[in-house]
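Tertiary structure, described
Each chain is listed here by its residues.
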Amino acid sequence: MNSSALENDILARFPVIKNVKVTKKLPRAISVDIVERTPIGAWCIGQSCRYFDDEGMFWGETVRSSGSLFLNVDDLRSQDGISSNTLLLESIKKSAEGLKNLEIQIKRIEIPSDSLGDFWVYTIRGFYLIFDAESDTENQINVLRIFLNEKDKDFNPA
């Protein structure tokens, strides 16, 4: 088997691997360098949760969790999650980064069953925000920043 075929076989069998490089070391050895995917969260459809990375690749299985250290997405649609909408994934990533910059921690994200590109971001402060993936996410974050700057420091809409 040549190196390229072996690399393709490894990538096909193990979705947790992002990149692999196989090098022949004559006379009887090979070197295999592997880069694993880094999960940014758990994407749950029904009771099934899988890791996902910033490219929208699913792999493995994980348990449903909550908290602000790991991005948790509850996809209530009947379609196949990330793979069905990369625009939605990009908007979710941008909103998570923007909220982090505003020091707003995310508890979980929910995509409603009747979503037309909207998703709900539940915060650990007890309130939620509704984002629209079809609109400019950075602009939505900026509007929130302006709104919060006009309020008292202890403002909590919950």
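Going by the structure above, here's the rest.
A brief report on the enclosed structure follows. (Residues numbered from 1 in each chain as written. Predicted model: local features only at pLDDT ≥ 70, side-chain atom pairs only at ≥ 80, totals over all residues. Heavy atoms only, no water.)

**Quick look at the layout of surface pockets**
The rolling of a water-molecule-sized probe over the atoms marks out the regions of remaining empty space. Filter applied, for reference: Put simply, the grid is 1 Å and covers the protein atoms alone, a cavity is a trapped set of points that fit a 1.4 Å probe, a pocket is an open set with protein on both sides within 12 Å along at least five of seven lines, and lining residues have an atom within 4 Å of a point. Grid points are joined across faces, edges and corners, and a volume is the space filled by probe spheres set on the points. Here the term charged refers only to Asp, Glu, Lys and Arg, the term nonpolar to Ala, Val, Leu, Ile, Met, Phe, Trp, Tyr, Cys and Pro, and the term polar to all other amino acids, Gly among them.
Taken as a whole, the second largest pocket holds about 190 Å³ of empty space. Taken together, L102, I104, R125, L148, N149, K151, D152, K153 and F155 make up the lining of the second largest pocket. Residue composition of the lining of the second largest pocket, by class: four nonpolar, one polar and four charged.

**Regarding the packing of helix α2 (residues 86-101) against helix α3 (residues 137-149)**
Packed helix pairs are specified by the crossing angle of their axes together with the interaxial distance, meaning the distance between the axes. Stated precisely, the cut-off is as follows: Note on geometry: axes are lines fitted to C-alpha atoms, helical ones only across the stretch in contact, with angles between N-to-C directions running from 0 to 180 degrees. Going along the chain from the N terminus, every DSSP run of H or I of four or more residues is numbered as a helix, and every run of E of two or more is numbered as a strand. Any angle between 65 and 115 degrees counts as roughly perpendicular, while under 35 counts as roughly parallel, over 145 as roughly antiparallel, and the rest as oblique. Note on convention: near helix rotated counterclockwise from far helix by under a right angle means a left-handed crossing. Clockwise means right-handed. What makes two residues a contact is simply this: any of their non-hydrogen atoms within 4.5 Å.
Remark: α2 packs on α3, axes separated minimally by 9 Å, with the N-to-C direction vectors making an angle of 30°. With respect to α3, the element α2 is oriented roughly parallel. When you trace α2 past α3, the crossing you get is right-handed. Contacts between α2 and α3 involve S91, K94, S95, G98 and L99 on the former and, on the latter, T137, E138, I141 and L144. The residue makeup of the contact of α2 with α3, split by class, is three nonpolar, four polar and two charged.

**Side note on the state of the cysteines**
Here a disulfide denotes one covalent bond, and it connects the sulfur atoms of two cysteines. Quick reminder of the rule: Any cysteine sulfur atom paired with another within 2.5 Å is treated as part of a disulfide. Exposure categories follow from relative accessible area, calculated using a 1.4 Å probe and restricted to protein chains: below 20% of the type maximum is buried, above 50% is exposed, and the middle band is partly exposed.
Under the counting rule described, the total for this entry stands at one disulfide. C44 shares a disulfide with C49; S-S distance 2.1 Å. A torsion of 110° about the S-S bond marks the disulfide between C44 and C49 as right-handed. Residue C44 shares its accessibility class with C49, and that shared class is buried.

**A few points about the nonpolar core**
As a reminder of what qualifies: Among buried residues, those of type Ala, Val, Leu, Ile, Met, Phe, Trp, Tyr and Cys that are joined through side-chain atoms within 4.5 Å constitute a nonpolar core.
W43, I92, L99, I109 and F119 are the most contacted members of the largest nonpolar core, which totals 23 residues. For this core, the elements supplying multiple residues, two or more each, are β6 (71-75), α2, β7 (106-111), β8 (118-123), β9 (128-132) and α3. The element that contributes the greatest number of residues to this core is α2, accounting for five residues. When near neighbours in sequence (up to four residues on either side) are disregarded, I92 contacts W43, L71, I109, I111 and F119.

**Details of unusual backbone geometry**
Backbone torsion omega between L26 and P27 reads 10°, so that peptide bond is classified as cis. In this fold, P27 is placed in the loop between β1 (17-25) and β2 (29-36). You will see that E103, though not glycine, has its phi angle at about 60°, which is positive. Turning to its location among the elements, E103 is positioned in the loop between α2 and β7. According to the relative accessible area criterion, E103 is exposed, its value standing at 67%.

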